[in-house]
Structure formats: C-alpha cells, structure tokens
Amino acid sequence: MIDGRCKVVALWAMCAIAWLLSTTAVLAADATRPPNVVLIVIDDLGWADLACYGSRYHRTPNLDRLAAQGMRFTYAYAACPVCSPTRAAIMTGKYPARLRVTDWIPGLDVTQNRRLARPDFRQELPLEETTIAEVLRDGGYATAAIGKWHLGGDGFEPTRQGFSLAKGGNAAGGVQSHFAPYLRDNRTFPGLEDSPAGEYLADRLTAEAERFIDDNKDRPFFLYLSHYSVHTPLNGKSELVERYRAAPVGGLQANPVYAAMMESMDDSVGRVMQKLDALKLADNTLFVFTSDNGGLATTEGPKTPATNNGPLREGKGYLYEGGIRVPLIVRWPAKVKAGSTCAAATSSYDLFPTIAQVCRRPAPPTDGVSIRPLLAGASEVPERDTLYWHYPHYSPQGGKPGGAIRQGEFKLIEFYEQGRRELFNVVRDVSESTNLADVEPERVERMAALLADWRKQLDVQMPGPNPQFVPDAQAADGTITLPAKTADLHGVMVRYEPLPHKNTIGFWVRADDWISWGFRVATPGEFRIEILQGCGTGSGGSQVEFSVAGQSVVTTVEETGGFQKFVAREIGKIKIARPGDYTLSVKPKTKPGAAVMDLRQVRIVPINR
C-alpha cells in the first residue's frame with residue numbers, strides 16, 4: 001500500500017519526467033532549426049579603425065565585445081578596393097572579375113590624363129546570378145536587405161535578388177547627408193520616405209533591422225544590414241563630434257567627425273546584439289561583421305581624409321593592404337571559441353559558401369571556400385592558398401589599374417600601365433615598405449604567371465590604350481606643371497605617397513631608382529625648372545640630374561629640416577625648340593644620406609613671356 005508521501009513523490013517524479021521529455025523535445029526542435037544569420041557590412045571601414053584592431057582613438061565597445069565573444073580575423077580581405085565589386089562578391093561568392101562588376105557603379109569616366117581607357121563593366125549584379133539570399137530564401141528563411149545596395153537600380157533591386165524585404169537601398173552608392181531627409185540626386189531612398197527631419201541614418205536602419213528580427217523571431221532569418229556609414233559625406237552627431245574634439249588624440253586616427261560616425265555605427269551593432277539577446281536568439285545566430293574595402297585615407301570632400309590605415313599602406317582605391325584588408329568578426333556561440341583570432345587569409349567571396357554550409361543549404365559552385373573549418377579552430381583553409389584581385393580601373397582616390405595575388409605570406413601587385421611589379425611579404429612587412437621584386441625575381445615570375453593564368457581562365461576585361469590620352473599639358477600661360485601623382489616610377493623602392501599631408505614622390509632610398517614625366521608642349525621657348533623639394537636633416541647632398549630634350553640640369557639636394565617640409569627652388573634652365581610630347585627624367589647621380597629627397601612637384605616655367 002502506498003502512503004500519501006509516496007503518492008506525492010510519485011507525482012513529482014511523473015511531472016519531472018514529463019518536463020524532461022518536453023524539454024528534450026524542444027531542444028531537439030531547436031537543434032533541427034538552422035541558425036539565423038546577421039551579416040553587417042560597413043562602408044569604407046578601415047582595418048585599423050576598431051579598438052579591437054588597434055585604434056586608440058575610436059570607441060567601439062560593442063564591436064570589441066563581439067570580438068571577445070567570437071573570432072577576429074587578422075588577414076581578411078575585401079574582394080576589391082572599392083565597394084560595388086566587393087558587395088557583388090559577398091552576394092554571389094564569386095570573383096568580381098568573373099561577374100564583370102569590377103568597379104564602383106557607375107565608375108570613373110575616362111579622361112584625357114588617363115593613359116589607359118577603362119573596360120566596359122556591368123552596372124548591376126546580373127539577375128542570372130544566384131545570391132546567398134536566394135539560397136536561404138529557398139530554404140524557408142525570411143530575408144531582408146536593409147541599407148546600402150549599390151548593385152543596380154530599376155529591375156535589379158534587392159527584391160529581385162532573393163530579399164523578401166528591402167529598405168533604404170537602391171542604385172546609389174551614398175547619401176547626400178546622414179541626417180534626414182535622406183536624398184541622392186533629389187530622390188528619396190525606398191522605405192525611408194517617412195523619416196523625420198534630423199533623424200540619423202544609422203539609427204533608422206538599425207530600427208528597421210530590429211523590427212525585422214522581431215517580426216521573424218519564430219523562423220530562421222537572414223538579415224543583411226548594410227550601413228552607409230562610415231562613407232562620406234562625413235556627418236556625425238554634434239554631441240559626439242564635440243566630445244571627440246575635446247578628447248586626447250592617441251595613435252594615428254584623429255578625425256572627430258569620423259570618430260563620431262564610428263561610435264554611432266558601433267551603437268547600431270550593439271542594438272542588434274541586444275535584440276538577439278532579448279529574444280534569446282543569440283545562441284543560434286551566425287553573426288558576421290565586415291567592411292567592403294579599406295578606409296578612406298585620401299582627401300575626397302569636406303572633413304577628409306576620414307581615417308589613417310597605418311600601419312597598413314594607403315587605403316580605399318589601392319591594391320595595397322590599406323585598400324583591401326578589412327575587419328572580419330564572426331560570432332557563433334558554442335561553435336566558435338570566444339576571444340579567438342585567426343591569421344588565415346580569407347576574402348569576401350568566402351562568406352557565401354560559409355553561410356550556405358552553416359545553414360545546411362545546397363549552393364551552386366563559387367570561387368570562395370567555406371571558412372567553417374577556421375571557425376572550428378583550423379589554422380588554414382586546405383582547399384586554397386591563393387587569393388586574386390583584378391581592378392582594371394583608376395580610382396577617385398588615386399589608385400591605378402592593376403591586379404594582385406597573395407600566396408602564402410607574399411603578395412604581388414602588377415600595375416597595368418607599365419607592367420611594374422611589386423612583391424611584399426605582408427606578414428613580416430605589414431606596411432609593404434620593402435619591395436622584394438629584385439631580391440626574389442623567380443618568385444615574382446612564378447606569381448605573375450599564376451596571376452596571368454587566372455586572368456586568362458576568367459577571360460577578364462583589361463584596360464586598353466586611351467586614344468584621348470594627353471600627358472601633363474602646357475597651361476595657357478605657358479607653364480607645365482608636373483605633380484608627383486602623375487610621375488612614372490622606375491626601380492624598386494621609390495613611390496608616390498598619397499597619404500594625408502604627403503602627396504609626394506618619396507621612399508627614394510636607392511640611388512638607382514628614378515622617375516619620369518611625360519608632358520606636352522604647345523608653345524616652345526626657353527624655360528626655367530622649379531621644384532618643390534623636401535629633405536630630412538642628415539640626408540642632404542644628393543646629386544640629381546633632370547634631363548629633357550637632350551639637355552641636363554644637375555642640382556644638389558638641400559636639407560629643409562624634414563622630408564615633408566617642402567621648399568621651392570629654381571635649379572636651372574632649358575630650351576624646347578618645337579611643339580610636341582617630351583619626357584623629363586629625374587635620376588640621382590649620388591646618394592650620401594638615407595634617402596635622395598621627397599619631390600612634390602616640378603614646374604617648367606617660360607622665361608620672357
């Protein structure tokens with residue numbers, strides 16, 4: 001006979017068993033539900049802009065927390081140094097060159113002072129391409145594209161590419177202001193027409209993202225949150241701007257407006273993280289954060305340069321590391337070790353196959369590879385050891401047409417104007433300071449051959465000669481101005497440095513390196529040569545020969561108190577007897593110091609006009 005206490009115990013046991021069975025059923029159901037995906041892409045965010053990547057000026061506590069909860073990649077690359085091609089690669093998992101989307105849309109028109117004519121390229125992401133949104137949508141996912149699209153206008157909207165919801169995106173690459181009303185060419189952005197005056201764009205896009213998550217919390221979802229921040233125009237909330245103005249500057253970044261935009265962007269990420277936590281979705285969400293290209297490190301509109309990508313070289317628009325290396329943070333609780341880092345080289349086109357695999361969805365062939373093994377702790381992706389780039393265009397930031405290949409620790413850049421090749425060990429020489437092309441010629445030839453074979457396999461579009469090209473031309477007053485940015489480089493180390501406050505031929509540390517300019521004379525005569533020259537203390541005394549039309553002027557470089565402290569000097573006279581195209585070459589004859597000089601400009605000025 002069972003007493004009362006036994007009956008109570010038995011009842012509790014039955015309840016416990018029932019609870020355990022129900023909980024097991026829920027866990028099993030959750031285990032069968034594929035993970036949600038949040039993919040946040042920031043516009044023009046530099047590799048060194050986040051505190052967790054080394055910035056000592058920008059405040060990014062939410063992204064630092066995301067990195068502490070997941071994996072931070074130190075050698076993640078954008079598929080292109082400008083935006084649209086990288087975004088196309090993210091959507092499809094394919095090389096921009098294969099897609100024929102090789103420049104930002106609509107790109108930079110050919111002008112007279114461009115030696116090469118740009119090839120035709122697609123002005124939209126082709127509808128026949130399969131996007132990651134289509135792959136996930138067909139698997140039952142709710143899909144949303146919120147923010148920048150920039151992959152085509154009418155007929156090529158996100159809703160034609162697998163997104164059931166799209167707000168804030170069209171063919172435009174940016175907004176006229178980050179404060180409402182949001183316009184571009186006097187047109188509003190879809191879904192943002194009701195924005196109250198003064199609303200901040202990053203906040204509005206985040207609110208739309210939060211609403212999408214709320215509406216789809218009970219089913220798998222794919223959120224593509226594509227911010228217009230931190231792209232120009234540089235607009236930050238006034239209270240944040242003033243706070244950064246008053247803050248001490250540490251490290252290389254020092255732009256208070258850009259820093260304010262960074263903080264608002266970081267707040268957005270924090271809000272998305274908080275929403276996932278509140279709905280208890282974080283544990284079953286793959287959270288990916290990255291950028292479409294390197295940070296803007298040149299002057300391009302008010303309040304720019306936006307940032308400094310140091311220790312990386314250059315920035316947006318360049319094939320150097322500052323233009324293509326980007327932040328990549330991936331959080332996937334219980335699958336990715338918290339606080340981990342990965343030094344394997346990855347690219348934008350790896351995100352498609354990775355997301356498809358994580359979500360257990362079949363996908364078409366891609367040029368990328370799944371980085372899920374890296375997320376699980378592998379040190380490298382066994383299927384691939386080579387990354388490729390093809391950028392056959394001139395960028396607004398000063399970058400020139402070229403291609404690049406990274407294999408192991410080495411990266412080769414080949415410039416299409418002259419066929420110049422530069423080789424760097426980007427692991428040991430993070431700043432790409434030492435061109436190893438003359439030290440390792442066999443590696444150069446081997447990597448150049450791989451790059452050429454890759455271009456041939458993809459049947460890439462190459463730039464051709466520009467029939468309208470005119471070298472630096474004579475002005476109406478007879479003056480010929482030869483700026484550093486149009487010089488042709490000959491040798492190994494000498495380079496044009498466009499970084500903030502430089503704009504000079506520099507790194508002239510070898511006496512056998514030299515430079516030249518082509519120019520056109522309409523009105524011949526007698527001219528004097530004037531230079532803007534800088535030279536640090538202890539490096540003066542180099543003998544440099546300026547030659548044109550069979551004439552030479554030799555000058556001795558003067559110390560100016562710093563390589564970036566430029567002094568105008570008249571160094572000699574020449575005669576040009578006939579109209580036509582000419583070449584001025586500048587060659588060191590001796591180099592007693594560490595460097596020859598920095599040379600910002602040469603002017604050939606008429607005498608007696």
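As a reminder, the structure under discussion sits directly above these lines.
Treat the numbers as computed from the prediction; the structure is a model and nothing was measured.

Novice: When you look at the overall build of the protein in this model, what are you seeing that I'm missing?
Specialist: Within the protein one finds twelve helices and 29 strands. The globule rule puts the C-alpha radius of gyration for 609 residues at 25 Å, and the 28 Å found for the protein is close to it. Projected onto its principal axes, the C-alpha positions of the protein cover 125 × 55 × 50 Å. Split into buried and exposed, the 609 residues of the protein put 57% on the buried side. Pairs at least 24 apart in sequence give 70% of the contacts found in the protein among residues at least 6 apart. Carbon and sulfur atoms make up 53% of the accessible area of the protein, which totals about 24500 Å². In the protein, which carries 69 positive and 68 negative side-chain charges, the distance between the mean positions of the two groups comes to 1 Å.

Novice: Just checking my understanding: could you explain the sheet that holds strand β14 (residues 402-407) for this structure?
Specialist: In sheet architecture, strand pairing relies on hydrogen bonds along the backbone and comes in two forms, parallel and antiparallel. Within the open sheet, the four strands sit side by side as β13-β14-β15-β16. Their pairing is antiparallel. Whereas interior strands pair on both sides, the edge strands pair on one side only; in this sheet they are β13 (386-391) and β16 (421-425). Taking each pair of neighbouring strands and ignoring which way they run, the sheet shows an average axis angle of 10 degrees. In terms of strand pairing, β13 meets β14 through six bridges, oriented antiparallel. Residue Thr 386 lies in a different strand from β14, and its bridge partner there is Gln 407. Most of the contacts of helix α12 (residues 441-458) go to strand β15 (residues 410-415), to which it runs at about 65 degrees, and overall it touches β13, β14, β15 and β16.

Novice: Even after reading the chapter, I still don't get the environment of Gly 580, so can you show me in this structure?
Specialist: Secondary-structure assignment places Gly 580 in strand β28 (residues 580-588). Owing to a relative accessible area of 24%, Gly 580 belongs among the partly exposed residues under this scheme. Separated by 56 residues in the primary sequence, Gly 580 and Pro 524 place their C-alpha atoms 8.8 Å from one another. Apart from residues lying up to four places away in sequence, Gly 580 is in contact with Phe 519, Arg 520 and Val 521.

Novice: What am I meant to see in the packing of aromatic side chains here?
Specialist: Here a ring pair, both rings aromatic, is described through the centre-centre distance and the interplanar angle of the planes. Going through the model one piece at a time under the given rule, you end up with 16 aromatic pairs. Consider the rings of Phe 189 and Tyr 228, whose centres lie 5.6 Å apart with planes at 75 degrees: the pair is edge-to-face. One end of the pair, Phe 189, is in the loop between β7 (187-188) and α6 (201-215); the other, Tyr 228, is in the loop between β8 (221-226) and α7 (238-246), with 39 residues separating them in the sequence. The burial state of Phe 189 is the same as that of Tyr 228; both residues are buried. Relative to Tyr 582, the ring of Phe 519 has its centre 6.0 Å away and its plane inclined at 25 degrees; by these criteria the two rings are stacked. Of the two residues, Phe 519 is situated in strand β23 (residues 514-521) and Tyr 582 in strand β28; the sequence distance between them amounts to 63 residues. Neither Phe 519 nor Tyr 582 differs from the other in exposure class; each is buried. Among the aromatic residues, those joined into a ring-pair cluster are Tyr 95, Tyr 349, Tyr 388 and Trp 454. Over the ring of Tyr 53 we find Arg 72; its NZ or CZ atom is 4.9 Å from the centre of that ring.

Novice: What exactly am I supposed to notice about the layout of surface pockets here?
Specialist: If a probe as big as a water molecule is rolled over the atoms, it shows which places are left empty. One number sums up the size of the largest pocket: a volume of about 1000 Å³. What lines the largest pocket is a set of 45 residues, among which Gly 398, Lys 400, Lys 485, Thr 486 and Tyr 496 lie closest to the centre. Broken down by secondary-structure element, the contributors of at least two residues to the lining of the largest pocket are β20 (488-490) and β21 (495-497). When its residues are assigned to classes, the lining of the largest pocket shows 19 nonpolar, 13 polar and 13 charged. Size it by volume and the second largest pocket reaches roughly 680 Å³. Lining of the second largest pocket is provided by 37 residues; of these, Ala 171, Ala 172, Gly 173, Gly 174 and Arg 184 occupy positions nearest its centre. Looking at side-chain class alone, the lining of the second largest pocket contains 14 nonpolar, 14 polar and nine charged residues.

Novice: Whenever I open this one, the pairing of strand β4 (residues 142-147) confuses me. Can you help?
Specialist: Looking along a regular strand, one sees side chains alternate from face to face of the sheet. Taking burial as the measure, the six residues of β4 include six buried ones, the bulk of the element. Of the strand pairs in this sheet, β4 and β8 are connected by six bridges, and their pairing is parallel. Bridged to Ala 144 within β8 is Leu 223. Looking at chain direction, β4 and strand β5 (residues 165-167) are connected through three bridges and run parallel. Within β5, the residue paired with Ala 145 across the bridge is Ala 166.

Novice: Just checking my understanding: could you explain the nonpolar core for this structure?
Specialist: If you look at soluble globular proteins, the nonpolar side chains tend to sit buried side by side. Membership of the largest hydrophobic core comes to 54 residues, with the highest contact counts inside it found for Leu 50 and Phe 289. Those elements giving two or more residues to this core turn out to be β1 (36-42), α2 (61-69), β4, α6, β8, α7, α8 (256-278) and β9 (285-291). Membership of the second largest hydrophobic core comes to 44 residues, among which are Ala 133, Val 326, Ala 356 and Val 369.

Novice: Sorry, what's going on with the side chain of Ser 370 here?
Specialist: In this fold, Ser 370 is placed in the loop between α10 (351-358) and α11 (372-375). A relative accessible area of 16% places Ser 370 in the buried class. Separated by 2.3 Å, the side chains of Ser 370 and Gln 357 make a polar contact. Here the side chain of Ser 370 touches Arg 372 through a polar contact of 3.2 Å, landing on its backbone nitrogen.

Conventions used here
- Residues numbered from 1 in each chain as written.
- Predicted model: local features only at pLDDT ≥ 70, side-chain atom pairs only at ≥ 80, totals over all residues.
- Heavy atoms only, no water.
- Helix = DSSP H or I, 4+ residues; strand = E, 2+ residues; numbered from the N terminus.
- Rg over C-alpha atoms; globule rule 2.2 N^0.38 Å.
- Buried < 20%, exposed > 50% of the residue type's maximum accessible area, 1.4 Å probe, protein only.
- Contact = heavy atoms within 4.5 Å.
- Areas by Shrake-Rupley, 256 points an atom, 1.4 Å probe, with all protein chains shown as cover.
- Lys, Arg positive; Asp, Glu negative; His and termini not counted.
- Charge placed at Lys NZ, Arg CZ, Asp CG, Glu CD.
- Pairing = 2+ DSSP bridges.
- Axes fitted to C-alpha atoms, helices over the stretch in contact; angles between N-to-C directions.
- Phe/Tyr/Trp six-rings, centres within 6.5 Å; stacked < 30°, edge-to-face > 60°.
- Lys NZ or Arg CZ within 6 Å of the ring centre and 35° of its normal.
- 1 Å grid on protein atoms, 1.4 Å probe; cavity = no way out; pocket = protein on both sides within 12 Å on 5 of 7 lines; lining within 4 Å.
- Points joined across faces, edges and corners; volume = space filled by probe spheres on them.
- Nonpolar A, V, L, I, M, F, W, Y, C, P; charged D, E, K, R; others polar.
- Core = buried A, V, L, I, M, F, W, Y, C linked by side-chain atoms within 4.5 Å.
- Polar contact = N/O pair within 3.5 Å; in protein donor to acceptor, adjacent residues only side chain to side chain.

Remember, this is a structural readout, not a statement about activity or role.
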